Amino acid sequence: MFGYLGCKGFAFPYCRQIGENDSQVRDYFIFSEDGIPSRMLQTVGTAEQPDLNGDGIPELTASRPGADQTLLFLRDGEIYQADIKALIQDAWPEANYLDGRFWNAERRNLHLTAQVPTPGLEDVSATAWQTLWFDGEPLRLYKDHSVYSDHTKLGLNAPVYVLEASRDFVQCSRWILMERP
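If you're wondering where the values come from, they're calculated on a predicted model, not measured in any experiment.

With respect to the packing of aromatic side chains
A complete count under the given rule lists five aromatic pairs for this structure. Taking the centre distance of 5.1 Å and the plane angle of 15 degrees together, the rings of F10 and F29 count as stacked. Within this pair, whereas F10 is found in strand β2 (residues 7-18), its partner F29 is found in strand β3 (residues 21-31), the two being separated by 19 residues in sequence. Pairing F73 with Y80 gives two aromatic rings, centres 5.6 Å apart and planes at 15 degrees, and the pair type is stacked. The exposure class of F73 is buried, given its relative accessible area of 9%. Members of the aromatic cluster, each reached through a chain of ring pairs, are F10, F29 and F31. Geometry around Y80 places R75 over its ring, the cationic atom sitting 5.8 Å from the centre.

Procedures and definitions
Residues numbered from 1 in each chain as written. Predicted model: local features only at pLDDT ≥ 70, side-chain atom pairs only at ≥ 80, totals over all residues. Heavy atoms only, no water. Phe/Tyr/Trp six-rings, centres within 6.5 Å; stacked < 30°, edge-to-face > 60°. Helix = DSSP H or I, 4+ residues; strand = E, 2+ residues; numbered from the N terminus. Buried < 20%, exposed > 50% of the residue type's maximum accessible area, 1.4 Å probe, protein only. Lys NZ or Arg CZ within 6 Å of the ring centre and 35° of its normal.

This is the structure in structure tokens:
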């Protein structure tokens, strides 16, 4: 049994091949007043129920890393479905290989990474990060304008020995990765 988006019913999970991979699928059924079940919606991927807009009613998210991201939410008694990947690609067209793993329920956001062209170097791409927020109204996509130096975010409020140890760890890890055959 489930209680999502103001509805009660049952979810039927199963695996289905989508493309070359098996994916977890869930069909959500509700009952009419005379007891007849009907499919309310379907999710593909890992389903979670975080309260992203803070109204006390959990939204429903489904994600397949590297593929689909879906957000289902309730507004004015109606259930809406947002295809996150399509919306992000419309708002951030230069983003290739877009990936967002799972929504962070505590921070109410989704961290996204993508490969984007490097200005002035047409054949070189770089990893970019952006954060997606949902407050019950529009989805908001924010670019991280942080500045990094020597693998460390500038302006961090941390003891010097912690910053130095972090830098040493990253440099050591980078060296180990480069030395492996």
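Picking up after the structure, the text goes on.
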